[in-house]
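# Inside the fold
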Amino acid sequence: MELVAIDYKAPDADRLFVESLHKTGFGVLKNHPIEQSVVSQIYKNWQSFFNSEDKNDFAYDKATHDGFFSTQVSETAKGNKKKDIKEYFHYYPWGRCPAELKQQAVEYYKAANDLASELLSWVEKYSPPEVLALYSQSLSSMVENSEQTLLRILHYPPLTGSEEPEAIRAAAHEDINLLTILPAANEPGLQVKGTGDDWIDVPCDFGNLIVNIGDMLQEASAGYFPSTTHRVINPQGSDQSKSRISLPLFLHPNPQVVLSERHTAKSYLQERLRELGVA
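I will try to describe carefully the structure that is included in this document.

Cut-off values and rules
Residues numbered from 1 in each chain as written. Predicted model: local features only at pLDDT ≥ 70, side-chain atom pairs only at ≥ 80, totals over all residues. Heavy atoms only, no water. Helix = DSSP H or I, 4+ residues; strand = E, 2+ residues; numbered from the N terminus. Expected span 1.5 Å × (residues − 1). Contact = heavy atoms within 4.5 Å. Core = buried A, V, L, I, M, F, W, Y, C linked by side-chain atoms within 4.5 Å. Buried < 20%, exposed > 50% of the residue type's maximum accessible area, 1.4 Å probe, protein only. Axes fitted to C-alpha atoms, helices over the stretch in contact; angles between N-to-C directions. Parallel < 35°, antiparallel > 145°, perpendicular 65-115°, else oblique. Left-handed = near helix turned anticlockwise from the far one by under 90°. Nonpolar A, V, L, I, M, F, W, Y, C, P; charged D, E, K, R; others polar. Pairing = 2+ DSSP bridges. Phe/Tyr/Trp six-rings, centres within 6.5 Å; stacked < 30°, edge-to-face > 60°. Lys NZ or Arg CZ within 6 Å of the ring centre and 35° of its normal. Salt bridge = Lys/Arg side-chain N within 4 Å of Asp/Glu carboxyl O.

Here we come to helix α2 (residues 36-51). Along its 16 residues, α2 runs 23 Å from first to last C-alpha, staying within 8% of the 22 Å computed at 1.5 Å per residue. Close packing links the buried residues of α2 with β3 (67-69), β4 (87-91), α3 (99-125), β5 (150-156), β7 (179-183) and β12 (244-246).

This is the structure in structure tokens:
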């Protein structure tokens, strides 16, 4: 499997992008509308937040899941026993956010959400008739005015040598939602599961925007769009002293949306949160 960047501005970008999602569960876009300068500034400002003790004033709310998740309470990937080596902040427009970071988060959330919604309309446009018939409603209407779409600011701290044996920054997992929008991180480490046991490095060139299918779209499409396994591996050598920041937007449907005969968006999310140990 090779992740080939598709030019967002090309006339057939929508078709090529959806073909990539169907075949690999991932699509990579270049010349996309997310501005590098904005993302770089977010990385810088949130690095300062994660370096400060102020983050502990925003400890996450178990009822609403907004706020700061420390390395002590971060996720354990489904099927794993070791917690990931990461901390993160969950931003929702209705949730808490440090005052000095709020405006930037608001603007980026809107820009990324607008792009994610457009890409979801591409998916709908190029879903085969038999797959289209499975959707309980149009994909675009599933996320309309959704308060569940999540911006996660992820911080993978430098490695100190005291980490649990076999623990890594993000163990192999699949995302829960419909689509995930991810500008390239400031450091490498993201890998995608290929065929067999192969892992493919995802380039961290900012020109690339990585988009992947989540479990909810796999469920709604009866597997036509596969939710691909990915992970973030630990750096080696001198890179162990470097932090890594990434900024995924998880596009979530409204809770009442019917994904399949088995699940609504709400029931599916609750099941997965219990599996992750953060419900």
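Where a protein is soluble and globular, its nonpolar side chains tend to be buried together. Core analysis: the biggest nonpolar cluster contains 60 residues, and Phe 17, Trp 46, Phe 89, Leu 119, Leu 179 and Leu 217 have the highest contact counts within it. Among the elements that take part in this core, α3 stands out by supplying 11 residues, more than any other. When sequence neighbours within four positions are dropped, the list of residues in contact with Leu 119 reads Phe 17, Leu 29, Leu 179, Ile 181 and Val 211. Formed by 15 residues, the second largest nonpolar core is a distinct cluster that contains Tyr 60, Ala 170, Leu 190 and Val 202.

Following the sequence through the fold, Gly 95 ends up in the loop between β4 and α3. Classification of Gly 95 by relative accessible area gives buried; the value is 15%. Taking the C-alpha atoms as reference, Gly 95 lies 34 Å from Ile 6; in sequence the two are 89 residues apart. Contact partners of Gly 95, with chain neighbours within four places excluded, come to Asp 66 and Lys 102.

A word on the packing of α2 against α3. With their axes 11 Å apart at the nearest point, α2 and α3 run at an angle of 140° to one another. Considered as vectors, α2 and α3 are oriented oblique to each other. The handedness of the crossing between α2 and α3 is left-handed. Between α2 and α3, the residues in contact are Val 38, Val 39, Gln 41, Ile 42, Asn 45, Trp 46 and Phe 49 and Leu 101, Gln 104 and Tyr 108, respectively. Of the residues in the contact of α2 with α3, the class split is 7 nonpolar, 3 polar and no charged.

In this section: the pairing of β4. Most of β4 is tucked away, with 5 of its 5 residues classed as buried. On β4, burial covers both faces: Glu 87, Phe 89 and Tyr 91 on one face and Tyr 88 and His 90 on the other are all buried. Sheet analysis places β3 next to β4, joined by 3 bridges and oriented antiparallel. Bridging across to β4, Phe 69 finds its partner in Tyr 88. Where β4 lies against β5, 5 bridges are found, and the strand directions are antiparallel. Looking at the pairing, Glu 87 lines up with His 155 of β5.

Moving on, we come to unusual backbone geometry. With phi around 55°, Asn 31 is a residue other than glycine that occupies positive phi space. Position of Asn 31 relative to the elements: it lies in the loop between β2 (26-30) and α2. Look at Asn 31 and you get partly exposed, because its relative accessible area is 41%.

Our next topic: the packing of aromatic side chains. Tallied over the entire structure, the rule returns 16 aromatic pairs. Seen from their ring centres, Phe 58 and Phe 89 are 6.0 Å apart, and the 65° between their planes marks the pair as edge-to-face. Pair noted here: Phe 58 is in the loop between α2 and β3 and Phe 89 is in strand β4, with a separation of 31 residues, a long-range link. Note on accessibility: Phe 58 and Phe 89 belong to one class, buried. Seen in terms of ring centroids, Tyr 224 and Phe 225 are 4.9 Å apart; in terms of plane orientation they differ by 90°. Their pairing is edge-to-face. A relative accessible area of 23% means that Tyr 224 is categorised as partly exposed. When its relative accessible area of 0% is taken as the criterion, Phe 225 is described as buried. Connected via pairs of aromatic rings, a cluster forms that spans Trp 46, Phe 49, Phe 50, Phe 58, Phe 68 and Phe 89. Above the face of the Tyr 88 ring, Arg 152 is positioned so that its terminal group lies 4.1 Å from the ring centre. Sitting over the ring of Trp 199, Arg 231 keeps its end group 4.0 Å from the ring centre.

What follows is about the pattern of salt bridges. Taken as a whole and assessed by the stated rule, the structure comprises 12 salt bridges. Between Asp 66 and Arg 96 there is a salt bridge, and its shortest N-O distance comes to 3.3 Å. A residue pair is termed long-range when its members are at least 10 positions apart, and Asp 66 in the loop between α2 and β3 and Arg 96 in the loop between β4 and α3 qualify at 30 residues. The partly exposed category is assigned to Arg 96, whose relative accessible area is 30%. Here Lys 110 makes a salt bridge to Asp 114, at a shortest N to O gap of 2.7 Å. Note that Lys 110 and Asp 114 are positioned in helix α3 at a spacing of 4 residues, about one turn of the helix. What makes Lys 110 exposed here is its relative accessible area of 52%. Asp 114 gets classed as partly exposed once you look at its relative accessible area, which sits at 42%. Overlapping salt bridges bring together Asp 12, Arg 15 and Glu 19 as one network.

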